[in-house]
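What follows is the residue order along each chain.
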Amino acid sequence: MIGDKSHKHVENDDQYKGLNVNEGVAQPNTFNEDSIKRFLKNKRKKLLTPDAYVEGILNGNITTLSQAVTLVESAKKEHQEIAQEIITKCLPYSGKSLRIGITGVPGVGKSTFIESMGKYITKRGGKLAVLAIDPSSERSKGSILGDKTRMEELSSDPNAYIRPSPSAGSLGGVARKTRETIVLCEAAGFDTIFIETVGVGQSETMVHSMVDFFLLLMLAGAGDELQGIKRGIMEMADAITINKADGNNIEKAEMARVQYKNALHLFPPTDSGWNPKVLTCSAFHHIGIDKIWDTIQGYVDLVKKNGYFQHKRNEQSKFWMYETINDRLKSDFYQNDALKTMTKGFEQKVLGEEMSSFVAARELLDFYYQSQKNNK
Ligand code: GDP
């Protein structure tokens, strides 16, 4: 990713005088993959019983929490069985946090913002967990988001827990693991959860489906295309914040704020009854962070009063139930060994016009259902 065009910082362009942004550092190896490998290699370390994990989590033990999250992320069947039991047992203790989604293109200042806002929260006695959904981590085998080196101060804060994006599987699978990790973090006593994602694709929709508040970070004068922000993402945002409002970029940021505010007026009213706000901040200089926090609190007050908060969480729970069914059906189907060969053969028949796509699909599905029955 580094050196790739999408990673160039637009602020370094001559037209933004006074702002100079360093290239990001190359990412170390995937954090989670390593931790899973270490976990699996360490034969002496026996798995705990689900109850022992739950007890550790409820006591706020971060090591136990991390181990349980590794089980959630593992593809091994025996790990998944324990993980599901832990999640079920933690569920009654979950749900009490405020879940905030944070998105924006690479370079907009997400990690700087999370560090600044994170410190603001922990200084006030809050406990913050930072999770990430990084769709590129599977391809690049390196997670862009949630890397501890990016949030140095926060990662050494005892009241903050930073967990990088799960790296294996489909976006839906990665997102589901993050959704499950939220439950464990809440049971461990974290009252604010940040979920970070890069604003370049489908991942925002996934994040949106698991948070109470969705914050979009933008840059002044970069143009929507440059920022890769689609209208749909702006529509999802409960607040837009123009970051890097400092030095001689303050005026431009203010102009951008007014422009985005006007643009939001053209969108249909939200179901929540909330008017999305547009703010400016400087994550680097910790300016405007308090106003953003107040805005989030204002939103929560409104939607808790009008019932939308619970309504949205219910809808999200339903969404994740169906999402998990879809995921499971798909993976069961495609992982069926006999079907794998058969599917390839049928594909050739469809290409050779010996069989229609629909008949091929129906016969494959019939075969799948039959094999399920025989297994019973
Ligand atoms: P991310 O890729 O979205 O996580 O962005 P980073 O937080 O890594 O920030 C990218 C670059 O922008 C870094 O060089 C930061 O120091 C810089 N940056 C972040 N926030 C600000 C800000 O508020 N003002 C200025 N001037 N620079 C910032």
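Reference entry: report on the structure contained in this document. Remember, it's a predicted structure, so these values are computed and weren't measured experimentally. (Residues numbered from 1 in each chain as written. Predicted model: local features only at pLDDT ≥ 70, side-chain atom pairs only at ≥ 80, totals over all residues. Heavy atoms only, no water.)

Our next topic: the overall build of the protein chain. When its secondary structure is counted, the protein chain shows 15 helices and seven strands. Long-range contacts, defined here as pairs at least 24 residues apart, represent 74% of the contacts in the protein chain between residues at least 6 apart. (Helix = DSSP H or I, 4+ residues; strand = E, 2+ residues; numbered from the N terminus. Contact = heavy atoms within 4.5 Å.)

Okay, helix H8 (residues 171-187) next. The terminal C-alpha atoms of H8, which comprises 17 residues, lie 25 Å apart, in line with the 24 Å expected from a rise of 1.5 Å per residue. Extensive coverage of H8 is indicated by the burial of 16 of its 17 residues. Phi for Gly189, located one or two positions after H8, is positive at around 100°. (Expected span 1.5 Å × (residues − 1). Buried < 20%, exposed > 50% of the residue type's maximum accessible area, 1.4 Å probe, protein only.)

Further remarks concern the nonpolar core. Within the largest apolar cluster, 50 residues are counted, with the highest numbers of intra-cluster contacts made by Ile57, Leu65, Ile86, Leu184, Ile240 and Ile242. Apart from the residues within four sequence positions on either side, Ile242 is in contact with Met218, Leu219, Ala220, Ala253, Ala256, Arg257, Tyr260, Val278, Leu279, Thr280 and Cys281. Leu98, Phe213, Ala239 and Trp274 belong to the second largest nonpolar core, which has 35 residues in total. (Core = buried A, V, L, I, M, F, W, Y, C linked by side-chain atoms within 4.5 Å.)

Of all residues adjacent to the ligand, which total 18 residues, the nearest are Gly107, Lys110, Thr112, Arg150 and Asp246. Contacts to the ligand include Ser111, whose side-chain N or O atom sits 3.0 Å from an oxygen atom. Lys244 places a side-chain nitrogen or oxygen 2.9 Å from an oxygen atom of the ligand. When the free accessible area of the ligand is taken as 580 Å², the share hidden by the protein chains comes to 82%. Among the elements that make up the shell around the ligand, the one with the highest residue count is helix H5 (residues 110-123) (three residues). Split into classes, the residues belonging to the shell around the ligand amount to seven nonpolar, seven polar and four charged. (Near = heavy atom within 4 Å. Polar contact = N/O pair within 3.5 Å; in protein donor to acceptor, adjacent residues only side chain to side chain. Areas by Shrake-Rupley, 256 points an atom, 1.4 Å probe, with all protein chains shown as cover. Nonpolar A, V, L, I, M, F, W, Y, C, P; charged D, E, K, R; others polar.)

Sheet architecture is open: seven strands sit in the order S3-S2-S4-S1-S5-S6-S7, paired in parallel fashion. The sheet is open, and its two edges are formed by strand S3 (160-162) and strand S7 (277-280), each paired on a single side. Recorded for the sheet is a direction-independent mean angle of 20° between the axes of neighbouring strands. By the bridge criterion, three bridges tie strand S2 (residues 128-133) to S3 in an arrangement that is parallel. Each residue of the ladder has a partner; that of Ala129, found in S3, is Tyr161. (Pairing = 2+ DSSP bridges. Axes fitted to C-alpha atoms, helices over the stretch in contact; angles between N-to-C directions.)

Turning our attention to the packing of aromatic side chains. Where two aromatic rings form a pair, the distance of their centres and the angle of their planes describe that pair. The tally for this structure, following the rule as stated, stands at seven aromatic pairs. Ring geometry for Trp274 and Tyr299: centres 5.3 Å apart, planes at 85°, overall edge-to-face. Highlighted residues: Trp274 in the loop between helix H11 (250-265) and S7 and Tyr299 in helix H12 (residues 289-305), separated in sequence by 25 residues. For the pair shown, Trp274 and Tyr299 are each scored as buried. Their ring planes at 80° and their centres at 5.0 Å tell us that Phe333 and Tyr334 sit as a pair that is edge-to-face. An aromatic cluster is defined as three or more aromatic residues linked by ring pairs; in this entry it consists of Phe333, Tyr334, Tyr368 and Tyr369. Over the face of the ring belonging to Tyr120 we find Arg124, whose NZ or CZ atom lies 3.6 Å from the ring centre. One residue, Lys277, lies across the ring of Trp274, its end atom 4.0 Å from the ring centre. (Phe/Tyr/Trp six-rings, centres within 6.5 Å; stacked < 30°, edge-to-face > 60°. Lys NZ or Arg CZ within 6 Å of the ring centre and 35° of its normal.)

Turning our eyes to something else, we now look at the side chain of Asn336. By the element assignment, Asn336 lies in the loop between helix H13 (308-335) and helix H14 (337-351). On the accessibility criterion, Asn336 (17% relative accessible area) is buried. Ignoring anything within four residues of it in the chain, the contact list for Asn336 reads Tyr368 and Ser371.

All right, on to a nonpolar patch on the surface then. Taken together, the side chains of Met321, Tyr322, Ile325 and Leu329 make up a nonpolar region of the molecular surface, amounting to roughly 390 Å² of accessible area. Relative to the helices and strands, Tyr322 is located in helix H13. Here Tyr322 falls in the partly exposed class, since its relative accessible area comes to 46%. (Patch = residues over 30% accessible without salt bridge, like charges linked within 9 Å, V, L, I, M, F, W, Y side chains within 5 Å. Salt bridge = Lys/Arg side-chain N within 4 Å of Asp/Glu carboxyl O.)

Let's shift gears to the packing of H14 against helix H15 (residues 357-375). Two packed helices can be described by the angle between their axes and the distance between those axes. Two elements in contact, H14 and H15, have axes whose closest approach is 10 Å; the angle formed by their N-to-C orientations is 165°. Classed by the angle they form, the pair H14 and H15 counts as roughly antiparallel. The chirality of how H14 crosses H15 is right-handed. Where H14 approaches H15, its residues Ala338, Leu339, Met342, Thr343, Phe346 and Val350 are matched on the opposing element by Ser357, Ala360, Glu363, Leu364, Phe367 and Tyr368. Partitioning the contact of H14 with H15 into residue classes produces nine nonpolar, two polar and one charged. (Parallel < 35°, antiparallel > 145°, perpendicular 65-115°, else oblique. Left-handed = near helix turned anticlockwise from the far one by under 90°.)

Interpretation note: all reported values are geometric properties and have no functional meaning in isolation.
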